[in-house]
4 protein chains.
Amino acid sequence: MGKGRLEAFSDGVLAIIITIMVLELKVPHGEDVETLRPLIPVFLSYLLSFVYIGIYWNNHHHMLHAVRAVTGPMLWANLHLLFWLSLIPFATGWMGENHFAPATEALYGVVLLMAAIAYYILQQLIIASQGPDSILKRAVGTDWKGKLSPLVYLSAIPLAYWSRWISLGLYVFIALIWLVPDRRIEHALAAEKG
Amino acid sequence: MGKGRLEAFSDGVLAIIITIMVLELKVPHGEDVETLRPLIPVFLSYLLSFVYIGIYWNNHHHMLHAVRAVTGPMLWANLHLLFWLSLIPFATGWMGENHFAPATEALYGVVLLMAAIAYYILQQLIIASQGPDSILKRAVGTDWKGKLSPLVYLSAIPLAYWSRWISLGLYVFIALIWLVPDRRIEHALAAEKG
Amino acid sequence: MGKGRLEAFSDGVLAIIITIMVLELKVPHGEDVETLRPLIPVFLSYLLSFVYIGIYWNNHHHMLHAVRAVTGPMLWANLHLLFWLSLIPFATGWMGENHFAPATEALYGVVLLMAAIAYYILQQLIIASQGPDSILKRAVGTDWKGKLSPLVYLSAIPLAYWSRWISLGLYVFIALIWLVPDRRIEHALAAEKG
Amino acid sequence: MGKGRLEAFSDGVLAIIITIMVLELKVPHGEDVETLRPLIPVFLSYLLSFVYIGIYWNNHHHMLHAVRAVTGPMLWANLHLLFWLSLIPFATGWMGENHFAPATEALYGVVLLMAAIAYYILQQLIIASQGPDSILKRAVGTDWKGKLSPLVYLSAIPLAYWSRWISLGLYVFIALIWLVPDRRIEHALAAEKG
């Protein structure tokens, strides 16, 4: 089975997730600039989640690049990932509207954690399907970002009840370390051909 | 006529259906974890429908794999299927918000039944177009899942008025038997080539 | 310039239009079957518009099949068509919620009329670009459906103020004559090759 | 890395942005034509933004035509552009519902300005990646439209507080100068081959 339709469906779902998030930014009823002020936390949480979905799209794109044949379990692991990502608009809206209140930040962390686990499962399935010479395995290498991220989410969840700024800072920090484009897979593929 | 645009359009509609369902999970106004509690049935009904749409996408994907030429009737049979699937977000939202009340579960069953019938019509049109040596016919075989599902939906509709748990259990049961990836079509295609 | 991205963008917009229409079918607050009754006209208007968008997708698909090179004016004629089609969910929702009241049916007719004109402009641009031997021109032939439809919409607009049933009947009638798959383009293409 | 998935994702996001804007055109509760009157400014702002998104889609389409390999920075520059474009439905809705009040027009200008800057960054990244013989650089030429537009937005922002009509007129003027299809890139590509 080809991977074209898996990519197309994933792209569609990710494009819709990233765009419906903006619907939480509800048009205010006044016409003054002042009426925008309560929307600032909603806007900031939208920006953070936009970056997270962008990172997932980017990494998903690279990961599938290394796939040759799509198996049944991969299809379901991919849907599992999309399920958790589809909850990001909800978690983002709740966090933004409540000015990063502890419980809302904790939920945001839970959704990010589950998405990270789902991504890891998909990655392991692809590596397993490629056998001992897996390109993806070499590309991922020590995968320190992939291992660090869930640990940070896991600590940010209880920390939200102590200080909302530390917890938010951790989510921003993880987004920043991923923003650097991940060239590992490209390098491994280039090494393969070279 | 090629099947690329039919797949692209179907993927688009399915991706939107699966994603707008999450809009029924409305952001609560409080900032405590307690405010999430009333959303639990909405979340569970979302999860069930996400799995159902995933199954349809998966099976649709496999079924079209076996199609060579798309005919006019197939285009309309496909739109007919998408029509019933497009009602799933509505039925899901009504069921979740009313804690799986009998009438809401019955409507959910009606929508699933109509979608199953629409899928069957599309499948028969494809088989008919392929003549006596139809790959899809061999792939589908006895089609026990396809025959069992509408019968179970049909019994779940009245049973919802007797016990909402039995009816819900039947919908979950059917989702589980389909979750096992359907390798019949792949096997038939492989046998064809082998 | 290739036509792939024009098709992909049009498919995306049409898939979203057809799916967001269902959002007008708002989840009722009661849990009885009775609470669905006021939704019946909304459901029927959704069904009618679903068929209309399906017809446009189908015919658009066939028409672009005959296109070789996409020109700048075609891109804008296509966006012009998508603009009027994007107003169908609004016109549908207004008509359904007000039980096919005269003004709402008249607006529905105006939107259908403008979409039909936009489709005609796009068709003429494609024919003009293909020169005297235009495949599309031969395929369209007398184009009696394309000529009849705007005339019927034009008469349905004032007739809505006289009887809402006659006007609605005319919209259903036009949908039915288009539902028959349009094989003219396929035949012309086949004749070309044969 | 190929550009197909970048185009597909961008098309998806642009198709959704252009279509969810119409959701701001909320179905009125009365059944008379009079109830549509308050929607006129919302409709006009929708029309303006539809044209702007259409222009961006069109130019984006042409610009990517000239790209051979997509780099990591291009992916993020593209997401940056999509981020600002995703705010257009919000700015449009606010402007339309408040009858083009000064602050709402100023925000609309800010969003257009940021999108224009993001587009310029993406363009420069592509030109830089193509080296001294960049096709896109020759195609863009003096880029007077690309240089004039942000200057006009920048002046329209404060002018909105002086006269809402002048500011709106400037946004319409810029849309009109871009509506003329941009053949520079096509010409440069044709010259390359010729």
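Reference entry: report on the structure contained in this document. The structure presented is a predicted model; accordingly, all values stated were derived computationally and were not measured.

What counts, and at which threshold
- Residues numbered from 1 in each chain as written.
- Chains lettered and ligands numbered in written order.
- Predicted model: local features only at pLDDT ≥ 70, side-chain atom pairs only at ≥ 80, totals over all residues.
- Heavy atoms only, no water.
- Least-squares fit on C-alpha atoms with pLDDT ≥ 70 in both.
- Contact = heavy atoms within 4.5 Å.
- Buried area = accessible area lost by both parts, 1.4 Å probe.
- Salt bridge = Lys/Arg side-chain N within 4 Å of Asp/Glu carboxyl O.
- Helix = DSSP H or I, 4+ residues; strand = E, 2+ residues; numbered from the N terminus.
- Nonpolar A, V, L, I, M, F, W, Y, C, P; charged D, E, K, R; others polar.
- Expected span 1.5 Å × (residues − 1).
- Buried < 20%, exposed > 50% of the residue type's maximum accessible area, 1.4 Å probe, protein only.
- Polar contact = N/O pair within 3.5 Å; in protein donor to acceptor, adjacent residues only side chain to side chain.
- Axes fitted to C-alpha atoms, helices over the stretch in contact; angles between N-to-C directions.
- Parallel < 35°, antiparallel > 145°, perpendicular 65-115°, else oblique.

**Some thoughts on the relation of the copies chain C and chain D**
Point 1. Mapping chain C onto chain D is achieved by rotating through 90° and translating by 0.0 Å along the same axis, at an RMSD of 0.0 Å. The transformation just described matches what one would write down for a four-fold rotation axis. Considering only C-alpha atoms, the residue of chain C closest to the rotation axis is C:Gly12, which sits at 4.4 Å.
Point 2. Taken together, the interface assignments show that only 3% of the residues at the interface of chain C recur at the interface of chain D, consistent with different surfaces on the two copies.

**Side note on the interface of chain B and chain A**
Point 1. The interface of chain B with chain A comprises 40 residues on the first partner and 30 residues on the second.
Point 2. When the two sides are added together, the surface that chain B and chain A hide from each other amounts to roughly 3,000 Å², 75% of it contributed by carbon and sulfur.
Point 3. The largest share of the area that chain B buries against chain A comes from B:Val27, B:Glu31 and B:Trp57, three residues that together contribute 21% of it.
Point 4. Counting across the chain B and chain A interface gives two salt bridges.
Point 5. A salt bridge links A:Arg5 to B:Glu7, with the shortest nitrogen-to-oxygen separation between them at 3.9 Å.
Point 6. At the level of secondary structure, the elements contributing two or more residues to the side of chain B that touches chain A comprise helix 1 (4-20) and helix 2 (40-65) of chain B.
Point 7. The element best represented in the side of chain B that touches chain A is helix 2 of chain B, accounting for 14 residues.
Point 8. Tallied by class, residues from the side of chain B that touches chain A come to 22 nonpolar, eleven polar and seven charged.

**Overview of helix 8 (residues 164-179) of chain D**
All names here are of chain D.
Point 1. Look at helix 8: 23 Å from first C-alpha to last across 16 residues, which is about the 22 Å you get at 1.5 Å a residue.
Point 2. For helix 8, the complete set of buried residues consists of Ser167, Leu168, Tyr171, Ile174, Ala175, Ile177 and Trp178.
Point 3. The N-cap of helix 8, judged by a side-chain oxygen 3.2 Å from the amide nitrogen of tryptophan 165 a few residues on, is serine 163.

**With respect to the packing of helix 1 (residues 4-20) of chain A against helix 2 (residues 40-65) of chain A**
The relative placement of two packed helices is expressed as an angle between their axes plus a distance between the axes.
Residues and elements named next belong to chain A.
Point 1. Interhelical geometry of helix 1 versus helix 2 gives an angle of 175° and a closest axis separation of 10 Å. As far as their axial angle goes, helix 2 and helix 1 are roughly antiparallel. Contact residues: helix 1 offers Leu6, Glu7, Ser10, Asp11, Leu14, Ile17 and Ile18, while helix 2 offers Tyr46, Phe50, Ile53, Gly54, Trp57, His60 and Leu64.

**A closer look at the interface of chain C and chain D**
Point 1. Across the boundary between the two partners, chain C contributes 30 residues, which contact 40 residues of chain D.
Point 2. Counting each side, the surface lost to burial between chain C and chain D is near 3,000 Å², with a carbon and sulfur contribution of 75%.
Point 3. Joining chain C to chain D, the criterion identifies two salt bridges.
Point 4. Remark: the boundary between chain C and chain D carries six residue pairs in polar contact (both at pLDDT 80 or more).
Point 5. Put simply, the parts of the chain that give the side of chain C that touches chain D at least two residues each are helix 1 (4-20), helix 3 (72-86), helix 4 (88-97) and helix 5 (102-129) of chain C.
Point 6. Per-element accounting of the side of chain C that touches chain D gives the leading share, nine residues, to helix 1 of chain C.
Point 7. Taken together, the residues of the side of chain C that touches chain D sort by class into 21 nonpolar, six polar and three charged.

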